[in-house]
Amino acid sequence: MDMVTLTIDGIKVQAPKDATVLEAARKAGIKIPTLCFLKGVNEIGACRMCVVEVKGAKSLQTACVLPVSDGMEVITNSAAVRESRKVTLELLLSDHNLECPTCIRNLNCELQKLSEELGVQAIRYPGEKSKAQYDDFSPSIVRDTSKCILCRRCVSTCHKVQSVGVISPNYRGFNTVIAPVYDMSLSEVSCVNCGQCIMACPVGALKEKDDTDKVWKALADPEKYVIVQTAPAIRVSLGEEFGGELGTIVTKKLPAALRRLGFDKVFDTDFSADLTILEEGSEFLDRLQNGGKLPLITSCSPGWIKFCEHYYPEFLDNLSTCKSPQQMFGALVKTYYAEKMGIDPSKIFSVSIMPCTAKKYECKRPEMFSSGYQDVDVALTTRELSRMLKEAGINLNNLPDEEFDEPLGISTGAGAIFGATGGVMEAALRTVYEIVTKKELKNIDFTEVRGVEGVKEATIDIDGIKVNVAVAHGLSNARVVLDRVKNGEANYHFIEIMACPGGCVGGGGQPILNADERWEADYREERAKAIYEVDRNMPLRKSHENPAVKSLYKEFLGEPLGEKSHKLLHTHYTKRELYPATK
Amino acid sequence: MAVALNQQQEFTAKLKQIEEMLKKYKGQKGALLQALQEAQNIMGYLPIEVQEMVAETLDITLSEVYSTITFYSFFSLKPKGKYQIRTCLGTACYVRGAEKILDRLKTELGIEVGDTTDDGKFSLNACRCIGACGLAPAIIINDEVYGRLTPDKIPDILKKFE
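None of these values were measured; they are calculated from a predicted model.

## Notes on the layout of surface pockets
Here's step 1: Considered as a void within the structure, the second largest pocket measures approximately 770 Å³ in volume.
Here's step 2: If you trace the second largest pocket, you find 30 residues lining it, with Y311(A), R479(A), L578(A), D59(B) and I60(B) closest to the centre.

## A look at the packing of aromatic side chains
Here's step 1: One pass over the full model with this rule turns up 18 aromatic pairs over all chains.
Here's step 2: Seen from their ring centres, F267(A) and Y337(A) are 5.1 Å apart, and the 80° between their planes marks the pair as edge-to-face. You can see F267(A) sitting in strand 12 (residues 265-268) and its partner Y337(A) sitting in helix 10 (residues 325-341), a full 70 residues away along the chain.
Here's step 3: The class for Y337(A) is buried, based on a relative accessible area of 0%.
Here's step 4: Here a set of aromatic residues connected by ring pairs shows up, and it is made of W304(A), F307(A), Y311(A), Y312(A) and F315(A).
Here's step 5: Against the face of F74(B) rests K80(B), its NZ or CZ located 5.9 Å from the ring centre.

## What to know about the domain arrangement of chain A
Accessible area lost when the parts come together is the quantity often used to give the size of an interface.
All names here are of chain A.
Here's step 1: The domain boundaries assigned to chain A delineate domain 1 (3-77), domain 2 (124-208) and domain 3 (213-569).
Here's step 2: When each unit is reduced to the centre of its C-alpha atoms, the spacing between domain 1 and domain 3 is 42 Å.
Here's step 3: Listed as interface residues are nine residues of domain 1 and, on the opposing side, four residues of domain 3.
Here's step 4: Interface of domain 1 and domain 3: buried area, both sides summed, is about 600 Å²; carbon and sulfur atoms make up 65% of it.
Here's step 5: Among the residues of domain 1 in contact with domain 3, R26, L38 and K39 are the three that bury the most area, contributing 65% of the side total.
Here's step 6: Scanning the region where domain 1 abuts domain 3 turns up two salt bridges.
Here's step 7: R26 is the partner of D516 in a salt bridge, and the nearest nitrogen-oxygen pair spans 3.1 Å.
Here's step 8: For the pair domain 1 and domain 3, the interface holds two residue pairs in polar contact (both at pLDDT 80 or more).
Here's step 9: Residue composition of the side of domain 1 that touches domain 3, by class: four nonpolar, one polar and four charged.

## A short note on the interface of chain B and chain A
Here's step 1: Facing the 20 residues of chain B at the interface are 16 residues of chain A.
Here's step 2: For the pair chain B and chain A, the interface holds zero salt bridges.
Here's step 3: Elements with a contribution of two residues or more to the side of chain B that touches chain A: helix 3 (48-58) and helix 4 (62-71) of chain B.
Here's step 4: No other element matches helix 4 of chain B, which puts seven residues into the side of chain B that touches chain A.
Here's step 5: Its residues placed into classes, the side of chain B that touches chain A shows nine nonpolar, six polar and five charged.

## Focus: the sheet that holds strand 7 (residues 141-144) of chain A
All names here are of chain A.
Here's step 1: Across the sheet, three strands lie side by side as 6-7-10; this open sheet has antiparallel pairing. At either end of the open sheet lies a strand with only one pairing partner, and these are strand 6 (134-135) and strand 10 (206-208).
Here's step 2: With three bridges joining them, strand 7 and strand 10 adopt antiparallel strand pairing. The residue bridging V142 from the neighbouring strand is K207, located in strand 10.

## Structural notes on the packing of helix 2 (residues 79-94) of chain A against helix 3 (residues 110-117) of chain A
Residues and elements named next belong to chain A.
Here's step 1: At a minimum axis distance of 11 Å, the contact between helix 2 and helix 3 shows a crossing angle of 140°. Here helix 2 lies oblique to helix 3, going by the angle between them. The handedness of the crossing between helix 2 and helix 3 comes out as left-handed. Along the contact surface, helix 2 presents L89, L92 and L93, while helix 3 presents L111, L114 and S115.
Here's step 2: Here the contact of helix 2 with helix 3 is composed, by residue class, of five nonpolar, one polar and no charged.

## Side note on the sheet that holds strand 2 (residues 122-127) of chain B
Residues and elements named next belong to chain B.
Here's step 1: Across the sheet, four strands lie side by side as 2-1-3-4; this open sheet has mixed pairing. The open sheet terminates on both sides in strands that have one partner only, identified here as strand 2 and strand 4 (144-146). Strand-to-strand, the axes of this sheet are offset by a mean angle of 25°, without reference to chain direction.
Here's step 2: The pairing of strand 3 (residues 139-141) with strand 4 spans three bridges and is antiparallel. From the neighbouring strand, I139 faces strand 4, where its bridge partner is Y146.

## Overview of empty space enclosed by the protein
Residues and elements named next belong to chain A.
Here's step 1: For the structure shown, the criterion picks out eight cavities of 30 Å³ or more.
Here's step 2: Approximately 270 Å³ is the volume found for the largest cavity.
Here's step 3: Only helix 9 (302-311), helix 10 and helix 11 (358-362) provide two or more residues apiece to the lining of the largest cavity.
Here's step 4: Of the residues assigned to the lining of the largest cavity, the class counts are 15 nonpolar, seven polar and one charged.
Here's step 5: Here the second largest cavity defines a volume of roughly 150 Å³.
Here's step 6: Together, 17 residues line the second largest cavity, and C148, C154, I178, A205 and L206 are the ones closest to its centre.
Here's step 7: For the lining of the second largest cavity, the class distribution of residues is 12 nonpolar, one polar and four charged.

## Comments concerning the pattern of salt bridges
Residue and element names in this part refer to chain A.
Here's step 1: Enumeration according to the criterion identifies 63 salt bridges over all chains in this entry.
Here's step 2: Among the salt bridges present, the one from K340 reaches E555, with a minimum N-O distance of 3.1 Å. Placement of the pair is K340 in helix 10 and E555 in helix 18 (residues 547-557), with a sequence separation of 215 residues.
Here's step 3: A residue is classified by how much of its surface remains accessible, and E555, at 47% relative accessible area, is partly exposed.
Here's step 4: Two residues, D522 and R524, come together in a salt bridge whose shortest N-O distance is 2.8 Å.
Here's step 5: You can call D522 partly exposed: its relative accessible area is 23%.

## A word on helix 2 of chain A
Here's step 1: The terminal C-alpha atoms of helix 2 of chain A, which comprises 16 residues, lie 22 Å apart, in line with the 22 Å expected from a rise of 1.5 Å per residue.
Here's step 2: All of the buried residues in helix 2 of chain A are V81(A), R85(A), T88(A), L89(A), E90(A), L93(A) and S94(A).

## Section: the side chain of R450(A)
Residue and element names in this part refer to chain A.
Here's step 1: Along the chain, R450 turns up in the loop between helix 14 (423-437) and strand 16 (455-462).
Here's step 2: At 2.6 Å, the side chain of R450 and the side chain of E426 are in polar contact.
Here's step 3: A distance of 3.0 Å separates the side chain of R450 from the side chain of D445, its partner in a polar contact.
Here's step 4: With sequence-adjacent residues up to four places away left out, R450 is seen in contact with T421, E426, R430, D445, K456, Y532, D535 and R541.

Cut-offs used in this document
- Residues numbered from 1 in each chain as written.
- Chains lettered and ligands numbered in written order.
- Predicted model: local features only at pLDDT ≥ 70, side-chain atom pairs only at ≥ 80, totals over all residues.
- Heavy atoms only, no water.
- 1 Å grid on protein atoms, 1.4 Å probe; cavity = no way out; pocket = protein on both sides within 12 Å on 5 of 7 lines; lining within 4 Å.
- Points joined across faces, edges and corners; volume = space filled by probe spheres on them.
- Phe/Tyr/Trp six-rings, centres within 6.5 Å; stacked < 30°, edge-to-face > 60°.
- Helix = DSSP H or I, 4+ residues; strand = E, 2+ residues; numbered from the N terminus.
- Buried < 20%, exposed > 50% of the residue type's maximum accessible area, 1.4 Å probe, protein only.
- Lys NZ or Arg CZ within 6 Å of the ring centre and 35° of its normal.
- Domains from an automatic or database assignment.
- Contact = heavy atoms within 4.5 Å.
- Buried area = accessible area lost by both parts, 1.4 Å probe.
- Salt bridge = Lys/Arg side-chain N within 4 Å of Asp/Glu carboxyl O.
- Polar contact = N/O pair within 3.5 Å; in protein donor to acceptor, adjacent residues only side chain to side chain.
- Nonpolar A, V, L, I, M, F, W, Y, C, P; charged D, E, K, R; others polar.
- Pairing = 2+ DSSP bridges.
- Axes fitted to C-alpha atoms, helices over the stretch in contact; angles between N-to-C directions.
- Parallel < 35°, antiparallel > 145°, perpendicular 65-115°, else oblique.
- Left-handed = near helix turned anticlockwise from the far one by under 90°.
- Expected span 1.5 Å × (residues − 1).

See below:
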């Protein structure tokens, strides 16, 4: 690679010639503050926090978009630079809702952190505040523009990463507001509730709809039998909220923590992930052998489902009719489990801990009442669980290892890998292979579908049947795969799609990393690594070997795709409008 | 009733016209400004129906279309009046009292900036420099410039359009 040499703060620095000054400085261990910058997503030089002096330039330059050049002399820390950054920051703060101690992002806010780092101790520019919008009509995402700093990280994420594009800067100048068209609510436009905008927000302008109150209330109600399920991806992310490294595994801390919060039974969504594989694997074989609609596309990700309903309704028949593991679990708790234990299902309060904001929407869908009640009463994000634990004074690090309750806490490694992109595909292949061949699968690691590459393709030989599979994560990658199918460029049999980059480990309900942390390490890779470690260490790693799933079929369901399965575990989809009804 | 029906027919006809016009921009993401300008020339403003058509033809999001329309004061989301008044708020006009002119226009017409009178006659907008600084403060009604204004000259000017 062609390198150039420049001087930053008197230090000679070598950098590739297509690098920016920000990148070159970072590499040399020189920190330039940023705010609107989000590596690979939003690199637009808008906030002017990264200004530097460049010899020969008339004015201060924004380092995040300034290409390096040979012989360039950069000063990142002059009086003029410091004053400029400070003024900019004070101006941002002068139009910011400063309710910091009660803000959801208190102590995890990039604006707050910068104020501290740049030594801003007073705001010299009191003045008019722009008109704010507070939108909490979406079941998943709350917008509070009184805290918005117009960095556009959410906009870039929504448009570029997710190719959804329902928020933009509306109006101009002081009136600019990041909002959907006509300043509508996110609930009125074709938002898919993925929550990736929240993950990109440096401040508290975007947050999940908080449902912790409902759970506290249920826990305090002696009449209620409160059951919780935890998604695969929580066990490799919750630890980060308690000071753990990226991808710290806390599988055995989870049951202890949830019991201390007062849940009557602590179960595992990995169980119903295994169940999903039995149903979906059977569905795939049925479609393959009986001329059903192919490619079959996975249906675990509610953000993806809503995306498909709005943007690719022509693929609705390709979607697996399987409910997501969360919803399969919910339907079983208030039927199978209630019957088995002799509990009145109306007394059961069913909570899920999910890495996902779209799950909040999913559990309210009208199709998700197949037990006769709302199958899952409340879906909490990883962040909400973390807040509840902290409020209760429970420190994950001080807890003993405990096990999930039986039988709905029994799972295999195949269920665990649902948490990473490619995991559902891999779990399905492990099971489908053995069902078809009736032979033991020796090497169960399908590494070709693992990893953070946006679109992964493979051809798997199942006893002579060549199965073409594709895996996409992040909705812009989903478009790539779907367009290939549409244009006849690919002949897939089975596709896995997850709405969020990295799959559930990168879900919109996960711990929020700041821009620096996201730059330093790939959180998707680190958490996925942990997920595969969880899988490796499980005694059973194929869904069809899960003893609790086997007894569920024996005692209750009968067989995969049977009548009861059909009623409780499968669903249907609805074509949705692309544009809001404003006429 | 008959009037309403006529308006509806006219609206539909103009939509059709815009649809035809947009064909040449199919898939051209970069053509947004031209497309919007031509569409507004046909319809007089840019209702949601037109925005959706533009988004679909150019293969961009509705949000981006709306964002662009609301950024430029030239574009309008609401039907415009028969006579479009644009008040220059450029530097020269501003320092010579453009704000007072604008305030008087608002009181005389009983509308805010960006709105149209109920009879559909006048719409009022503010704009950046119109290049008539020598005549500051100035306004434009349709294509005609009225300069060296004082608030008291406003009623007489409006009367010309009665």
